[in-house]
Amino acid sequence: IAHRGGGRLSTENTLESIQAAIDKKVYASEIDVQRTRDGHYIIHHDTNFSRLYGDIRRPEDMKLDEVKSLTMKGLHNKIVHPATLEEALETARDKIHLYIELKGRTADRKMVEDLYRMVKAKGMLDQCAFISLDYDIINYMESKHPDALLEVAADLRAVVAAVRLRDGGGDGERAAGHEKVDE
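Here is what the cut-offs are and how they apply
- Residues numbered from 1 in each chain as written.
- Predicted model: local features only at pLDDT ≥ 70, side-chain atom pairs only at ≥ 80, totals over all residues.
- Heavy atoms only, no water.
- Buried < 20%, exposed > 50% of the residue type's maximum accessible area, 1.4 Å probe, protein only.
- Helix = DSSP H or I, 4+ residues; strand = E, 2+ residues; numbered from the N terminus.
- Pairing = 2+ DSSP bridges.
- Right-handed = clockwise from strand over helix to strand, strands pointing away.
- Axes fitted to C-alpha atoms, helices over the stretch in contact; angles between N-to-C directions.
- Left-handed = near helix turned anticlockwise from the far one by under 90°.
- Contact = heavy atoms within 4.5 Å.
- Nonpolar A, V, L, I, M, F, W, Y, C, P; charged D, E, K, R; others polar.

### Examining helix α1 (residues 15-23)
Link 1 in the chain: By the burial criterion, the buried members of α1 are E16, S17, I18, A20, A21 and I22.
Link 2 in the chain: Looking one or two residues beyond α1, the residue adopting positive phi is K25, at roughly 60°.

### Some remarks on the pairing of strand β6 (residues 97-102)
Along a regular strand, successive side chains alternate from one face of the sheet to the other.
Link 1 in the chain: Burial analysis of β6 places six of its six residues in the buried class, the great majority of the element.
Link 2 in the chain: Relative to β6, strand β1 (residues 28-35) is paired through six bridges, and the arrangement is parallel. Bridging across to β6, A28 finds its partner in H97.
Link 3 in the chain: Note that β6 and strand β7 (residues 128-132) share four bridges and pair parallel. In the sheet register, I100 faces β7, and the bridge partner there is F130.
Link 4 in the chain: With helix α5 (residues 109-121) bridging β6 and the parallel β7, this β-α-β connection has right-handed handedness.

### So, the packing of helix α4 (residues 85-92) against α5
Geometry of a packed helix pair, given as the angle between the helix axes and the separation of the axes.
Link 1 in the chain: One can describe the packing of α4 onto α5 by two numbers: an axis separation of 11 Å at closest approach and a directional angle of 30°. The handedness of the crossing between α4 and α5 comes out as right-handed. For the pair α4 and α5, contact is made by L85, E86 and L89 and by L115, M118 and V119, respectively.
Link 2 in the chain: Considered class by class, the residues forming the contact of α4 with α5 number five nonpolar, no polar and one charged.

Quick look at the structure:
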């Protein structure tokens, strides 16, 4: 499982990182999802954009157009922007499994409902697992959406070990033809 999109293959939590994991035939990509001020979902790990994009604002304090205006240099000095969950789902569709972590202060029941609806509408429930460090979030999703694949991460590093996949990969083994990529 490639942590934060592509592990050490690329910039974290970007479309570029998910594509890098796909190119390396990694079984799954873990991404972190947060909600913007105007209700859009982006993939980003940190509480603010300082470390990666040089902006101290937090996702929940910014509108999507403000978030999308942020830039950083990716592989080969390519300029990359924060991605939306919709973009990440399209990049991953039929190519790689996603572990979607509901992240930060905006991880709540609204996020559960919105993310479930998005993933289901794209026909990707069998390709995505939802992760949270918050048992209440997981319990809520399990009670409302028993068809969703769920994981509870006790620690961010545990995501790599949290392999319980619908297609039988629950014993932690790699799927045939896929490489293991550490965070």
